[in-house]
Amino acid sequence: MKTHAIRINEYGGPDVLQLVEVEVPELGPGEARVRHTAIGLNFIDTYHRSGLYPGALPSGLGSEAAGIVEAVGDHVTDVKVGDRVVYTGMPADSYSEVRNFPAARLVQIPEGVSDEQAAATLLKGLTAWYLLHHSYPVKPGDNVLLYAAAGGVGLLAAQWARHLGVRVIGVVSTEEKAALARANGCAEIIMANDDVPACVREMTAGVGVAAVYDSVGKDTFMASLDCLRPHGVMVTFGNASGPVAPFAPAELAKRHSLYVTRPVLFDFVTTRPQLLEACGKLFEVLGNGAVKVSINQRYSLRDAATAHRDLEARKTSGSTILVP
Ligand SMILES: NC(=O)c1ccc[n+]([C@@H]2O[C@H](COP(=O)([O-])OP(=O)(O)OC[C@H]3O[C@@H](n4cnc5c(N)ncnc54)[C@H](OP(=O)(O)O)[C@@H]3O)[C@@H](O)[C@H]2O)c1
């Protein structure tokens with residue numbers, strides 16, 4: 001059986017993405033074949049494409065999709081043919097019409113959640129979940145700072161944090177994104193070009209925030225440390241502007257005993273029970289309306305390079321779907 005899929009033969013800009021026809025391998029034990037109906041676009045895909053997170057080449061791309069189980073291999077008990085499922089994880093190959101994937105990492109999509117909503121939410125929503133419950137477990141009344149607040153992770157995390165009683169200060173680059181972030185959980189907005197630590201001090205009566213959720217990385221890391229209250233937690237979870245440079249631990253002492261963590265989603269959902277528990281929490285807040293997903297861009301799979309260009313140029317907001 002053949003499928004159209006994106007392949008990269010070298011690292012580089014969006015132009016290295018090539019739509020080709022490839023053979024879908026025979027199903028191995030424990031695998032299921034999924035026909036994709038919606039593919040989630042994520043910033044991590046740009047790191048895999050550029051070589052910031054290198055793997056073996058040639059390679060597929062994409063870490064998230066929803067679809068229908070078309071066939072299952074030996075020893076598969078977690079899903080059956082015809083199930084509507086969503087997944088996130090490696091190996092990267094979700095930019096395709098059909099692929100094989102470990103059945104133990106497929107999650108049934110509940111009624112009331114569409115395939116597109118599932119593909120737009122799983123990776124980003126589980127990220128919001130672990131950021132707010134594990135990296136720095138928020139408490140009602142906390143002030144936190146959230147970068148890229150109108151982005152895919154941003155809109156979901158801001159709404160979820162508000163639902164937990166947190167006052168979210170969002171950082172965004174345009175007025176349009178500011179309005180979107182305000183409508184989706186942010187109590188306050190700081191423009192990315194402003195003096196972010198000074199604005200944070202003003203908004204928190206000089207105290208600083210309990211946690212910074214910083215996905216921008218290189219350009220914002222040190223300023224983010226300046227936004228924290230004593231014993232505050234710096235959660236550096238992305239590299240949209242490039243990877244954070246090495247820094248001296250004394251910088252944490254200078255700012256009153258700060259903590260830094262550099263988390264990765266897949267360390268929080270390593271087993272099927274963990275994955276299902278986290279998805280249960282995500283589907284709960286989606287189901288009760290506390291968190292809504294905004295799918296603000298759609299591209300055909302063959303236009304994946306354009307989607308990457310727009311994501312990296314900060315032209316997108318909310319979640320983006322590639323249509324296979
Ligand atoms: N560690 C993990 O487990 C994990 C999991 C998921 C995602 N992430 C990270 O979370 C971040 C958000 O991911 P996402 O897929 O939801 O993307 P996104 O937030 O929708 O897009 C990235 C946003 O980052 C902001 N940004 C600031 N500086 C930028 C720059 N120099 N270049 C490009 N964008 C810049 C832009 O918002 P403004 O224009 O408003 O500034 C842009 O829209 C990414 O850094 C990603 O790597 C980490």
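These numbers come from a predicted model, not from an experiment. (Residues numbered from 1 in each chain as written. Predicted model: local features only at pLDDT ≥ 70, side-chain atom pairs only at ≥ 80, totals over all residues. Heavy atoms only, no water.)

1. Here's the deal with the overall build of the chain
Keep this limit in mind: Helix numbers and strand numbers start at the N terminus; a helix is a DSSP run of H or I with at least 4 residues, a strand a run of E with at least 2. Both definitions apply: the radius of gyration is a C-alpha atom measure, and the globule rule equals 2.2 Å times residues to the power 0.38. Buried, partly exposed and exposed residues are distinguished by accessible area as a fraction of the type maximum, computed with a 1.4 Å probe on protein chains only: under 20%, between the cut-offs, and over 50%, respectively. Throughout, a residue-residue contact means that at least one pair of heavy atoms, one from each residue, lies within 4.5 Å. With residues, only the protein chains shown are counted as cover, and all accessible areas are computed by Shrake-Rupley using a 1.4 Å probe.
The secondary structure content of the chain amounts to 9 helices and 15 strands. Its C-alpha radius of gyration of 20 Å places the chain within 12% of the 20 Å reference for a compact globule of 324 residues. Seen through its C-alpha atoms, the chain measures out along the principal axes to roughly 60 × 40 × 35 Å. Taking all 324 residues of the chain together, the buried fraction comes to 55%. Intrachain contacts of the chain at a sequence separation of at least 6 include 68% that bridge at least 24 residues. Here the chain has roughly 13700 Å² of accessible surface; of this, 53% comes from carbon and sulfur atoms.

2. Re the pattern of salt bridges
Filter applied, for reference: Any carboxyl oxygen of Asp or Glu that lies within 4 Å of a side-chain nitrogen of Lys or Arg is treated as forming a salt bridge with it.
The full count for this structure, using the stated rule, is 15 salt bridges. For the salt bridge of Glu70 with Arg35, the shortest nitrogen-to-oxygen distance reads 2.4 Å. Here the residue Glu70 occupies a position in strand β4 (residues 64-72), and Arg35 occupies one in strand β3 (residues 31-40), the gap between them amounting to 35 residues. On the basis of relative accessible area, Arg35 is assigned to the partly exposed category, the value being 36%. For the salt bridge of Glu251 with Lys254, the shortest nitrogen-to-oxygen distance reads 3.2 Å. In this pair, Glu251 and Lys254 both sit in helix α7 (residues 250-254), 3 residues apart, roughly one turn of the helix. Classification of Lys254 by relative accessible area gives exposed; the value is 58%. One salt-bridge network, in which partners are shared between bridges, spans Asp226, Glu251, Lys254 and Arg255.

3. Some thoughts on the UniProt feature "domain: Enoyl reductase (ER)" (unreviewed entry) in the chain
As a reminder, the rule being used: UniProt positions are given in the numbering used here, feature names are shortened, and annotations may be inferred rather than shown by experiment.
When the UniProt feature table is mapped to this numbering, "domain: Enoyl reductase (ER)" (unreviewed entry) covers residues 12-322. Helix makes up 30% of residues 12-322 and strand 26%. Its end C-alpha atoms lie 20 Å apart.

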